[in-house]
Every structure is written in C-alpha cells, then in structure tokens.
Amino acid sequence: MFVKSIMKPAHRSYTAQGSTSLSEVLEVLEQKDIEAMPVVVSGIFKGMVSKEIIFRAFFNSTEKMDKDVFLRSTTAGDIAEHEEYHIHDEEVFERTLPMFKGFSVLAVVDQKLQFQGLVTRYDVIEQFESAFGVKKKGVRIAFTSEESSGRIERLGDILKSYHENVISLATFDETDKLARRIVMKIEDNDNIEAFTKKLEKTGFRILSVKEI
C-alpha cells in the first residue's frame, strides 16, 4: 500500500497560502478543529503552521505589537516551519509511522515538492485497524514460532486443512533470531480447539486464544 492510496487529495485538504494572514489561519484551525495546516506557495509545500508555531512567533517577535495587529500583519509564509515535514506520494504506507511526532497531519508531495494532499494520524490508525481486523468479529490467536524456513508456509497448510477463514495476520519481532510472535484472527467456528491443538503439535506455542 502506498501513501497516495490513503491520503486526502489536495482539493479536500485544509491549507494556508503563503500570503494568508495568521488571523485567517487561526480562524480555520479553530472552526475546523484541526491542529496544523500545510503552507503552500504556487502549489509547492513550504512548511507547516499551527497554533503553537503562531504563539511562539508572537512571543519571540522583536517587534513588540498588539496581538491582533501581529495576527493581521503576519502571514503563514512568514512563520512556516518544518519544510522537511512531508512524505512522497510513492512511499509505502509504513514510512508514515515515524513521522507523526510533531503534528497529527503530514503533507504528501511529489518529487518536485508539489503538494498532493494530506495523511492524518487518524488515517494511519484506520489502516492498522484494518490490518488487525478490528471491525470484524472473530477469534484472535496469539502464538510464537521458532525462526526457521518454511514456518509461514506450514501455517498456511494447517489453515487450509482446517478450512479456516483468516481475517488478519501479523508477525512481530523481526529482529529476534530465536522466535517470532504471530497474531492471527480467524472467523469463529466449531473447530477452534482442534485447530489450536494442531498448531501446538506442529511446533507453534499458543500464547492466547480470545474471541473478540
């Protein structure tokens, strides 16, 4: 899955032009209840603007002026920060994860930094919910497997022989050379107990079985 497949396109994203006054930016941030907006100049991403950035710019301003005057006379382009806070639309979805540290939104750009849209933290959470099958009822089975060639293939054979319908499957501990944790969710049926016993006989160690 690529970033462009989960992003909100530019025409659906709230952005500030470089010439937009900070008073206008604040109005949008408050009305739409959003934390930050990308600043775009002639279609090019120039950084982010947020309430925190606006407050810091006012507090650190060398020209002491009334707050309202500052907000009307200063533009988003004047104080935009974090020009590096973007991701390319052709990047894989997983690359968004370490980038959600400063804001809950992330600008998506092409190779020429043309603004393409936004990915939000909520969008990422939704994808993880989908990956773990959160919205579909089933039986969650957590187990471990010794790191060896063909283990997933063997798991597939067992699933097939018991006619299990897999809702989701995820593995963890990719840097552990001894064991790997696997979390699988399958549709509920009458042979769950027999299925888990077969897993154990085949060398998988069951950690938990829970209907969710």
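Residue indices follow the written sequence of each chain, beginning from 1 at its first position. Where local features are concerned, this predicted model is filtered to residues with pLDDT of at least 70; where side-chain atom pairs are given and counted, the filter is 80 or more; whole-chain, interface and lining totals use all residues. As a rule here, side-chain values cover all heavy atoms of the structure and leave hydrogens and water aside.

**Examining the overall build of the chain**
Helix numbering and strand numbering both begin at the N terminus, where a helix is a DSSP run of H or I of at least 4 residues and a strand a DSSP run of E of at least 2. When you go through the chain residue by residue, the secondary structure sums to 7 helices and 11 strands. This radius of gyration counts C-alpha atoms alone. The globule rule is 2.2 Å times how many residues there are, raised to the power 0.38. The C-alpha radius of gyration of the chain comes to 24 Å, more than 25% above the 17 Å expected for a compact globule of 212 residues. Overall, the C-alpha framework of the chain stretches about 75 × 30 × 30 Å when taken along its three principal axes. Each of the 212 residues in the chain was classed as buried or not, and the buried ones make up 39%. For the area figures, the Shrake-Rupley method with a 1.4 Å probe applies, and any residue is considered shielded solely by the protein chains shown. Of the roughly 12900 Å² that the chain leaves accessible, carbon and sulfur atoms contribute 50%. Exposure categories follow from relative accessible area, calculated using a 1.4 Å probe and restricted to protein chains: below 20% of the type maximum is buried, above 50% is exposed, and the middle band is partly exposed.

**Observations concerning helix α7 (residues 192-201)**
Buried within α7 are the following residues: I192, F195, T196 and L199. For α7, the arc enclosing every buried residue in end-on projection is 95 degrees, short of the 170-degree limit, so these residues lie on one face. Facing away from the buried side of α7 by more than 90 degrees, the exposed set consists of E193 and K201. Residue contacts follow a heavy-atom distance rule, with two residues in contact if any of their heavy atoms lie within 4.5 Å. Residues of α7 that are buried make contact with β8 (139-146), α6 (151-161), β10 (179-186) and β11 (205-211). Just downstream of α7, G203 is the residue with a positive phi angle, here 110 degrees. Our arc is simply the arc of the directions from the helix axis toward the C-beta atoms.

**Observations concerning the sheet that holds strand β4 (residues 44-50)**
One bridge is not enough; two strands pair if DSSP finds at least two bridges between them. If you walk across this open sheet you meet the 3 strands as β2-β3-β4, and the pairing is mixed. Looking at the sheet topology across the chains shown, the edges are occupied by β2 (16-17) and β4. As defined by bridge partners, strand β3 (residues 36-41) adjoins β4 across 6 bridges and the pair is classed as antiparallel. Along β4, the bridge assignment pairs M37 with V49. Each axis is a line fitted through C-alpha atoms, and for a helix only the stretch in contact is used; angles between axes span 0 to 180 degrees, taken between their N-to-C directions. Across the sheet, helix α1 (residues 22-31) lies against β2, β3 and β4, angled at about 135 degrees from β3, the strand it touches most.

**Structural notes on the side chain of K185**
By the element assignment, K185 lies in strand β10. A positive count includes Lys and Arg, and a negative count includes Asp and Glu. His and the chain ends are not counted in either. Salt bridges are defined by distance alone: a side-chain nitrogen of Lys or Arg within 4 Å of a carboxyl oxygen of Asp or Glu. Of the side chains bearing the opposite charge, E211 lies closest to the buried K185, which forms no salt bridge; the N-O distance is 10.0 Å. For K185, the side chain forms a polar contact with the main-chain oxygen of K136, separated by 2.5 Å. Think of a polar contact as two N or O atoms within 3.5 Å of one another; within protein, one of them needs to be a possible hydrogen donor and the other a possible acceptor, and neighboring residues in sequence only count if both atoms come from side chains.

**Details of the side chain of R151**
Within the fold, R151 resides in helix α6. Engagement of the side chain of R151 in a polar contact is seen with the backbone oxygen of T202, the distance being 3.4 Å. With near-sequence residues (within four places) excluded, R151 lies in contact with S145, E146, T202, G203 and F204.

**Here we look at the nonpolar core**
Side-chain atoms within 4.5 Å link the members of a nonpolar core, which is a set of buried Ala, Val, Leu, Ile, Met, Phe, Trp, Tyr and Cys residues. Core analysis: the largest hydrophobic core is formed by 35 residues, its most contacted members being L22, V25, M48, V49, I54 and V119. The set of elements that each furnish at least two residues to this core consists of α1, β3, β4, α2 (51-60), α3 (67-73), α4 (76-79), β6 (105-109) and β7 (115-120). Counting residues per element, this core draws most heavily on β6, at 5 residues. Not counting chain neighbours up to four residues away, the residues in contact with M48 comprise A36, M37, P38, V39, I53, A80, E81, H82, Y85, F103 and V105. In terms of nonpolar packing, the next biggest core, distinct from the first, is built from 14 residues, F143, I158, I186 and F204 among them.

As far as function goes, none of this settles anything; it's purely spatial.
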